[in-house]
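Summary of the model geometry
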Amino acid sequence: VRQPQVFLMDEPLSNLDAKLRVQTRTQIASLQRRLGVTTVYVTHDQTEALTMGDRIAVLKDGVLQQVGTPREMYDTPANVFVAGFIGSPAMNLGTYTVNNGVAEIGDSRLPITRDAVSSLSEADGGKITIGFRPESLDLVSASDPAALAVQVNIVEELGSDAYVYGSLKTSEGDQDVIVRVNPRTAPEKGEFIHVAIKPGAEHVFAPSSGARIASI
């Protein structure tokens, strides 16, 4: 086929080593732009999807969850599945009790808008699912009313970045939390750090359906 209208690629890089995958996906993206031929590219690697795709379609069990640009997928995931799939490391997700318009996240209290609360159904049982990305957390003092106390389990240093994998105690039990920190001042294993979610960086979902309900 010399001049196809579309290329179909089903995980073409799955058997390559990590370095060659990066190199080859760049070559494929450059070739696609030079030829100008629509390419449908199937992958389980969300990094490939984000770096190569002009538009991404996320499927779960054969059902389309969301279609959009990489930025739309990252900034406004349609549901909990997309939120947890797009982004590396993955978004922190937890389900918390809502009392009088406030979500109880550990010892911290996060105000929830009236519209978001009214979007919850009886099936949600007075709870709400909140997501926040590792880079959406700021280190704060323990006295900050919005502070979340996270016990450090592992520090993953990547040179330009470092990620803390820790535990947050909540009324629902311990929750795994990932925090991006300065690699030059990364905490030690076993320490406690205090973080707060940046204003407007939260994602809100209905626990019963997993669907995005509002911004808070």
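Structure's up top.
These remarks concern the structure in this document.

How each quantity is defined
- Residues numbered from 1 in each chain as written.
- Predicted model: local features only at pLDDT ≥ 70, side-chain atom pairs only at ≥ 80, totals over all residues.
- Heavy atoms only, no water.
- Helix = DSSP H or I, 4+ residues; strand = E, 2+ residues; numbered from the N terminus.
- Contact = heavy atoms within 4.5 Å.
- Lys, Arg positive; Asp, Glu negative; His and termini not counted.
- Charge placed at Lys NZ, Arg CZ, Asp CG, Glu CD.
- Phe/Tyr/Trp six-rings, centres within 6.5 Å; stacked < 30°, edge-to-face > 60°.
- Buried < 20%, exposed > 50% of the residue type's maximum accessible area, 1.4 Å probe, protein only.
- Salt bridge = Lys/Arg side-chain N within 4 Å of Asp/Glu carboxyl O.

Of the regular secondary structure elements, the protein chain holds five helices and 15 strands. Each principal axis of the C-alpha atoms in the protein chain carries an extent, and together these give about 65 × 45 × 25 Å. Long-range contacts, defined as pairs at least 24 residues apart, comprise 59% of the intrachain contacts of the protein chain with a sequence gap of at least 6. The centroid of the 19 positive side-chain charges in the protein chain is displaced by 7 Å from the centroid of its 26 negative side-chain charges.

All right, on to the packing of aromatic side chains then. Per the counting criterion, the structure on display carries one aromatic pair. Here the aromatic rings of Phe81 and Phe85 are separated by 6.1 Å at their centres, their planes lie at 5 degrees, and the arrangement is stacked. With Phe81 and Phe85 both in helix α4 (residues 80–85) and four residues apart, this pair spans about one turn of that helix. The class for Phe81 is partly exposed, based on a relative accessible area of 29%.

Enumeration according to the criterion identifies six salt bridges in this entry. Here Asp75 makes a salt bridge to Arg71, at a shortest N to O gap of 3.2 Å. Of this pair, Asp75 and Arg71 both sit in helix α3 (residues 70–75), four residues apart, roughly one helical turn. Under the relative-accessibility criterion, Arg71 is labelled exposed at 53%. With a shortest N-O distance of 3.9 Å, Asp138 and Lys198 are connected by a salt bridge. Taken as a pair, Asp138 in strand β9 (residues 137–139) and Lys198 in the loop between β13 (192–197) and β14 (203–205) lie far apart in primary sequence, 60 residues in all. Look at Lys198 and you get partly exposed, because its relative accessible area is 31%.

Omega for the bond connecting Ser88 with Pro89 falls within 30 degrees of zero, at -5 degrees, which places this linkage in the cis form. In this fold, Pro89 is placed in the loop between α4 and β5 (92–99). You will see that Asp61, though not glycine, has its phi angle at about 55 degrees, which is positive. Topologically, Asp61 is positioned in the loop between β3 (56–60) and β4 (63–68). Despite not being glycine, Asn100 shows a phi value in the positive range, around 50 degrees. Following the sequence through the fold, Asn100 ends up in the loop between β5 and β6 (102–105).

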